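Listed below, chain by chain, are the residues.
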Amino acid sequence: MTEKKMALVASPTAAAQEAAGELRHIYEWHPLEKADLVVALGGDGFMLRTLHAMLDRHRILPVFGMNLGTVGFLMNNWQPDLLELRLQHAKAITVLPLRMDAETVEGQRFTIPAINEVSLLRETRETAKVEVSVEGRVVLPELVCDGVLVSTPAGSTAYNLSAQGPILPLESSLLALTPISPFRPRRWRGAILPNKNAISFRVLDAVKRPVSAVADQREVRDVASIRIAIDRTSPLTLLFDPEHALDDRITMEQFAV
């Protein structure tokens, strides 16, 4: 790992930019197009932006993040020294992103990846009404709610957990289907599904009750239908210090109080 060419990217925040300046004086860095791995400085939001940028460029490199944000769940601790040694001993974690195919009321179509989750959210004070299908079979003819989301294991401790969804072990090959403030069916609290299943939503009365679809940080408004499935063609690799590996963090999050 010590012979790998490293690229450095940093959040525009003052803390990340100061840290980047410090690292540039210690190590040799290469342009992204010539690098073998990426060191990312910032928080979880910046890590997601870095991964999405690689998906957009269709050139995916392993990423070692160092936390200079707030939560830093996807990041390692900030520590400028011994970076090459840390990279040499880093644990590689593979994350499979979601692919969201959305069609708007006006017939526009969008395909957007998501690493954490895809969320459907009501746009007005009117509750959303959504038909839910799994592998083409309607499982909920009408879900009345503020929204609903599909989460990967990597994202299960983020928005999904805040919406009372389950924490999924990273290597579980599962997806969490979680309602947001469900009204009907009153007793339905979500489902855990194999990640080989495609999940589809059809927005009922989409004009009167408009719904937006958000893939991580990218939003499509006034959607009529959405299909969500794992994208196995674009695996992402995150690098972690062995004592801070993502799979261990997700497991221990179940015992957080």
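Only a predicted model underlies this, so the values are computations on that prediction, with no experimental measurement involved.

(A) Spatial organisation of the sheet that holds strand β3 (residues 63-67). Sheet architecture is open: five strands sit in the order β1-β2-β3-β17-β4, paired in mixed fashion. Lying at the two open borders of the sheet, with one neighbouring strand each, are β1 (6-10) and β4 (91-95). Each neighbouring strand pair of the sheet contributes to a mean axis angle of 30°, computed without reference to strand direction. Summarising the sheet, β4 and strand β17 (residues 236-240) pair through five bridges and their orientation is antiparallel. Bridge pairing in β17 links Ile-93 to Leu-238.

(B) Geometry of the pairing of strand β7 (residues 117-122). Of the strand pairs in this sheet, β7 and strand β10 (residues 147-151) are connected by five bridges, and their pairing is antiparallel. Of the residues in β10, the one forming a bridge with Glu-117 is Ser-151. Relative to strand β14 (residues 211-215), β7 runs antiparallel, the two being bridged by five bridges. Bridging across to β14, Leu-121 finds its partner in Ser-212.

(C) Quick peek at the UniProt feature "active site" (unreviewed entry) in the protein. Mapped onto this numbering, the UniProt entry annotates "active site" (unreviewed entry) at Asp-44. Tracing the backbone through its elements, the reader meets Asp-44 in helix α2 (residues 44-57). Dropping the residues within four chain positions of it, Asp-44 is found in contact with Val-71, Gly-72, Phe-73, Leu-74 and Met-75.

(D) Quick look at the packing of aromatic side chains. A full pass over the atoms with the stated rule returns one aromatic pair. Their ring planes at 80° and their centres at 6.2 Å tell us that Tyr-27 and Trp-29 sit as a pair that is edge-to-face. Accessibility classification places Tyr-27 together with Trp-29 in one group, the buried group.

(E) View of the side chain of Ser-212. Following the sequence through the fold, Ser-212 ends up in strand β14. In contact with Ser-212, not counting residues within four places along its chain, are Ser-119, Leu-120, Leu-121, Glu-123, Glu-219, Val-220, Arg-221, Asp-222 and Val-223.

(F) Local environment of the pairing of strand β9 (residues 137-145). Pairing analysis gives six bridges linking strand β8 (residues 128-134) to β9, with the strands arranged antiparallel. Residue pairing across strands places Lys-129 opposite Val-144, the latter belonging to β9. From the end of β8 to the start of β9, which pair antiparallel, there are two residues, and Glu-135 there has a positive phi angle of about 55°.

(G) Structural context of the nonpolar core. Among the nonpolar cores identified, the biggest contains 32 residues, and Met-100, Leu-120, Leu-177, Phe-201 and Ile-226 are the most heavily contacted of them. Beyond its immediate chain neighbours, meaning those up to four positions away, Leu-120 contacts Val-130, Asp-146, Gly-147, Val-148, Ile-180, Phe-201, Val-211, Ser-212, Ala-213 and Ile-226.

(H) Structural context of the layout of surface pockets. Looking at the largest pocket, its volume works out to about 250 Å³. Going through the elements one at a time, β4 and β11 (174-180) are the ones with two or more residues in the lining of the largest pocket. It is β4 that contributes the most residues to the lining of the largest pocket, four residues altogether. When grouped by side-chain class, the residues that make up the lining of the largest pocket number 10 nonpolar, five polar and two charged.

Conventions adopted
- Residues numbered from 1 in each chain as written.
- Predicted model: local features only at pLDDT ≥ 70, side-chain atom pairs only at ≥ 80, totals over all residues.
- Heavy atoms only, no water.
- Pairing = 2+ DSSP bridges.
- Helix = DSSP H or I, 4+ residues; strand = E, 2+ residues; numbered from the N terminus.
- Axes fitted to C-alpha atoms, helices over the stretch in contact; angles between N-to-C directions.
- UniProt positions renumbered as here; feature names shortened; annotations may be inferred.
- Contact = heavy atoms within 4.5 Å.
- Phe/Tyr/Trp six-rings, centres within 6.5 Å; stacked < 30°, edge-to-face > 60°.
- Buried < 20%, exposed > 50% of the residue type's maximum accessible area, 1.4 Å probe, protein only.
- Core = buried A, V, L, I, M, F, W, Y, C linked by side-chain atoms within 4.5 Å.
- 1 Å grid on protein atoms, 1.4 Å probe; cavity = no way out; pocket = protein on both sides within 12 Å on 5 of 7 lines; lining within 4 Å.
- Points joined across faces, edges and corners; volume = space filled by probe spheres on them.
- Nonpolar A, V, L, I, M, F, W, Y, C, P; charged D, E, K, R; others polar.

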